Structures are given as structure tokens and as C-alpha cells.
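Chain by chain, the residues run as shown.
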Amino acid sequence: MTSISRRNALIAGAGFATFAATPLRAQQVKLKWAHVYETGEPYHTEALWAAGEIAKRTNGKYQIDVFPASQLGNENQINEGLSLGTVDMIYTGVAFAGSIHKPIAISNAPYVLRDFDHWKAYRDSPLFRQIASGYEGRTRHKVTALTYYGERHVTANKAINKPEDMRGMKLRVPPAPLFLMFTKSVGANATPIAFAEVYLALQQGTVDGQENPLPTIMAKKFYEVQSHIMLTGHITESLLSIVGSHVWGRLNDAEKATFNEVLLQAASRASNQIRESEQKLADEFRKLGKTVVTPDRAAFRAAAMPLHNDAASGAGWSKAEYDALQGLARSS
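The rules behind each value
- Residue indices follow the written sequence of each chain, beginning from 1 at its first position.
- Restriction of local features to residues with pLDDT of at least 70 applies here, the model being predicted, together with a cutoff of 80 or more for giving and counting side-chain atom pairs; totals for whole chains, interfaces and linings are based on all residues.
- Only hydrogens and water are set aside; all other atoms, that is, all heavy atoms of the structure, feed into the side-chain values.
- Strands are runs of DSSP state E lasting at least two residues, helices are runs of H or I lasting at least four, and both sets are numbered from the N terminus onward.
- Buried residues are those whose accessible area, probed at 1.4 Å on protein chains only, stays under 20% of the maximum for their type, while exposed residues exceed 50% and partly exposed ones sit between those limits.
- We call two residues in contact whenever any of their non-hydrogen atoms come within 4.5 Å of each other.
- We get accessible surface area from the Shrake-Rupley algorithm with a probe of 1.4 Å; when it comes to residues, only the shown protein chains can shield them.
- His residues and chain termini do not enter the charge count, which takes Lys and Arg as positive and Asp and Glu as negative.
- Every charge is mapped onto a representative atom, which is NZ of Lys, CZ of Arg, CG of Asp or CD of Glu.
- The term nonpolar core refers to a set of buried residues drawn from Ala, Val, Leu, Ile, Met, Phe, Trp, Tyr and Cys, joined through side-chain atoms within 4.5 Å.
- To get an axis, fit a line to the C-alpha atoms, keeping to the stretch in contact for a helix; angles then go from 0 to 180 degrees between the N-to-C directions.
- With respect to orientation, any angle under 35 degrees is reported as roughly parallel, any angle over 145 as roughly antiparallel, any angle of 65 to 115 as roughly perpendicular, and every other angle as oblique.
- The handedness criterion is simple: a crossing whose near helix is rotated anticlockwise from the far helix by less than a right angle is left-handed, and one whose near helix is rotated clockwise is right-handed.
- In this count, Pro and Cys sit with the nonpolar residues alongside Ala, Val, Leu, Ile, Met, Phe, Trp and Tyr, while Asp, Glu, Lys and Arg are called charged and the others, Gly among them, polar.
- Scored from 0 to 100, pLDDT reflects the predictor's confidence in each residue.
- The term salt bridge refers to a pairing of a side-chain nitrogen on Lys or Arg with a carboxyl oxygen on Asp or Glu at a separation within 4 Å.
- Within 6.5 Å between ring centres, the rings of Phe, Tyr and Trp (the latter by its six-membered ring) count as paired, and their orientation is classed by plane angle as stacked under 30 degrees, edge-to-face over 60, tilted in between.
- The arc refers to the directions leading from the helix axis to the C-beta atoms.
- Side-chain atoms alone can form a polar contact between residues adjacent in sequence; in general such a contact is a pair of N or O atoms within 3.5 Å, and within protein one must be able to donate a hydrogen while the other accepts it.

Summing up its helical and strand segments, the chain has 14 helices and nine strands in all. C-alpha atoms of the chain, sized along the principal axes, occupy 95 × 45 × 30 Å. Burial status across the chain gives 51% buried among its 332 residues. Long-range contacts, defined as pairs at least 24 residues apart, comprise 74% of the intrachain contacts of the chain with a sequence gap of at least 6. When the accessible surface of the chain is totalled, it reaches about 14600 Å², and 52% of it is carbon and sulfur. Charged side chains in the chain number 37 positive and 31 negative. The centres of these two groups are separated by 5 Å.

Okay, structure coming up:
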């Protein structure tokens, strides 16, 4: 063999070695998980747990970096990012997913869920999976889990005891259409503001109040700029864990099973923590000098229920889906 031939053979051999090694290095896949919640909240801590668990169960193939506190955008932006492929996984409120597939927001209709047990019955039901599959059919994204976010309550700088007390009030709501159903039921003026901007809006008086679960009111320190917390419990809120289609479509069956199992476990762990927390926090707010009001929930419920199947008020589900959800309430 000539020296030129030997050199070409060495180059070819080196090239083959590089090519053979590349797939091994490329096996690690980095994913971005985006959400809008604070680092101390169970959604974030359980996302970190899930990321570590998925890495462990896939022998390090999937490295998931979690980006909290709107670092990669607000709710609408991270939903868009999921479709663009700029983020790979998200937590998102059901009302935001409902902008793509309206029925998935059904649990956010005010007072459509009776209590936590009803929420759990829905989470575990074929109805939820059927509705989620409609979203998946539209987007090709994968809904893996539903996480309890808590009962949403109104805060303000005055006492609110009945729906009429909210008439004309400038109430911050998330920028998702279904939240208008609640404000319409009480005659408040809805002011959609991104989550990261709510504290400043309250502090500056841009809005008169906001509504969120007690753990969120504590985590985001809204109590610092609001004197009264009304236990309206008007919406039983949920978050969806969603894996982007560009990721889900590339997972093999074993990997899909791993992602599903781990994300369901994380959702259950976070849900239990939020439920436990919200049952204690009313007293914590009282200790902080806040006025905690127990309003006439029956009056709020009576104002909201006529809007449940009103398309003009945001309803986008079928009567059959609504009746099935109410059926869960009767059997739970």
C-alpha cells in the first residue's frame, strides 16, 4: 500500500470512528420545561423532582431544565412556544389550553365543580381523558397530567359578601377568555393582566383586586397590597402538564410510559401539597393582619350557574360533556 493509500485509509478510519461515536454523544436530549410559578411552589419543586426522575429512569438520556417564574414567557407565550418548539414541556392553566380546544376548560366554569373530591373524580375519569384527547387531536401535543391548583378566591381592599358588592369592580383576571364568565356573573370589570405583572397592578391601583388560590396569594405576596381575602372559592383551578408534539412523537413506547408515569406522580404529589396548604392558610393570613371574609357562596353560585352553558359567556363544551361532569358530582 502506498503512503497516500495508507493516509487515506487512516482518514477514512478516523471518520468512521467519529461517525460511530456521534450517536452515543447525541443520545442525551435536553428539554425545556416552562411555567409561570415561583421556585418555592410545589409545581416547581415537583417539576424538578420529575426532571431528576426521568433522567434516572432513562439512564441520563433526557435532561430536563425547568424554567420557573415566567422566565420563558407568560402563559400565552409558553403555549405558543410549545407549538413553535421553543419550549418542550409546560404547565398551563386549563383556560389557556381552552383557547385551542374549548372543552378542556370546562372545569374552570365558576362553581361547576362542587369540591376537591369532585375535582379528583374528574381528574381520574374517562371524561377528562376524552376531553384531553380532543386537545391532543388538534395540537398533537400530549396531555400527561392534571394538577390541582386550588380554589380561587377574591382579594380586595374592602369586604365583599355578595355578588352585588363586586359590581363595577376592576378585577384582574388571567388573559384567557373563560375567566370572563365569573366577572360577568358578578358584574365586575375584567382586566386581563399577565401573572408576573399582577403585584405591581395591585400596588399602583390599576385594578381593585385579583383572584387566586390561597397558596398563590401567599407565594406571590399579593396580601402585601390587599387588605381583604374573600373565600369565594369560585373556580377550582387546574394545571395541565403538556409535552410538545415535537418531543412526544420522538419518544419510544418505553419512554412514553416513563414520562407518563413520572408526570402523573409529580402532579399527584403537588396536588396533595396544595390541598394541604390551602386548608391552613386562612389562619396564616389572619395572623398577618389580613381580614378573611366568608361570603355568601350560595349567592355567588346562583349568579354563575345560568352562564354554564352560555356560549356568549365563554362556554365551549357540549351539553353532554357538562352533564357528564355533573354526573361525577352526584356519584362522588
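So that's the structure; there's more coming.
Within the largest apolar cluster, 96 residues are counted, with the highest numbers of intra-cluster contacts made by Trp33, Tyr122, Met166, Leu240 and Phe259. What Leu240 contacts, discounting residues up to four positions off in sequence, is Ile90, Tyr91, Thr92, Val94, Ala97, Ile104, Phe128, Val143, Ala145 and Leu146.

Moving on: the environment of Trp33. By secondary structure assignment, the location of Trp33 is in strand β1 (residues 29-34). Along the primary structure Trp33 and Ser268 are separated by 235 residues, whereas in three dimensions their C-alpha atoms are 18 Å apart. Not counting residues up to four positions away in its chain, the partners in contact with Trp33 are Ala47, Ala50, Ile64, Asp65, Val66, Phe67, Met89, Ile90, Tyr91 and Leu263.

The next subject is the packing of helix α2 (residues 42-57) against helix α11 (residues 253-278). The interhelical angle for the contact between α2 and α11, taken along N-to-C directions, is 155 degrees, at an axis separation of 9 Å. Considered as vectors, α2 and α11 are oriented roughly antiparallel to each other. At the point where α2 passes α11, the crossing takes the right-handed sense. Residues Pro42, Tyr43, Glu46, Trp49, Ala50, Glu53, Ile54 and Arg57 of α2 form the contact with α11, whose own contacting residues are Thr258, Phe259, Glu261, Val262, Leu263, Gln265, Ala266, Arg269, Ala270, Gln273 and Ile274. Within the contact of α2 with α11, the residues separate by chemical class into eleven nonpolar, three polar and five charged.

Our focus in this paragraph is unusual backbone geometry. A positive phi angle is found at Tyr111, which is not glycine, with a value near 65 degrees. Structurally, Tyr111 can be placed in the loop between α4 (94-97) and α5 (116-123).

On to the confidence of the model for the chain, then. Averaged over all residues, the pLDDT of the chain equals 93, while 91% of them reach at least 70. Predicted confidence for residues 1-26 stays below pLDDT 50, and this span has one contact to residues more than four positions away or in other chains.

Quick look at the pattern of salt bridges now. Taken as a whole and judged by the stated rule, the model has 21 salt bridges. Across the salt bridge formed by Arg57 and Glu53, the nearest N and O atoms sit 3.2 Å from each other. Of this pair, Arg57 and Glu53 both sit in helix α2, four residues apart, roughly one helical turn. Take Arg57: its relative accessible area is 32%, and that puts it in the partly exposed class. Relative accessible area serves as the criterion here: at 12%, Glu53 is assigned to the buried category. Taking the shortest distance from any N to any O, the salt bridge between Asp115 and Arg114 comes out at 3.2 Å. Classification of Asp115 by relative accessible area gives partly exposed; the value is 25%. One salt-bridge network, held together by shared partners, links Glu53, Lys56, Arg57 and Glu261.

According to the stated counting rule, one finds 13 aromatic pairs in the structure shown. Ring centres of Trp33 and Tyr91 lie 5.1 Å apart, and the angle between their planes is 55 degrees; this geometry places the pair in the tilted category. One end of the pair, Trp33, is in strand β1; the other, Tyr91, is in strand β3 (residues 89-93), with 58 residues separating them in the sequence. Here Trp33 matches Tyr91 in class, with each residue buried.

Moving on: helix α3 (residues 75-84). Taken together, the buried positions of α3 are occupied by Glu75, Ile78, Asn79, Gly81 and Leu82. Viewed end-on, α3 has its buried residues packed into an arc of 155 degrees, placing them on one side of the element. Residues Ser83 and Leu84 are exposed on α3 and point more than 90 degrees away from its buried face. Those residues of α3 hidden inside the fold are in contact with β1, β3, α4, α6 (126-139), β8 (228-243) and α10 (245-248). Where α3 begins, the capping side chain belongs to Asn74, and its oxygen is found 3.2 Å from the backbone nitrogen of Asn76.

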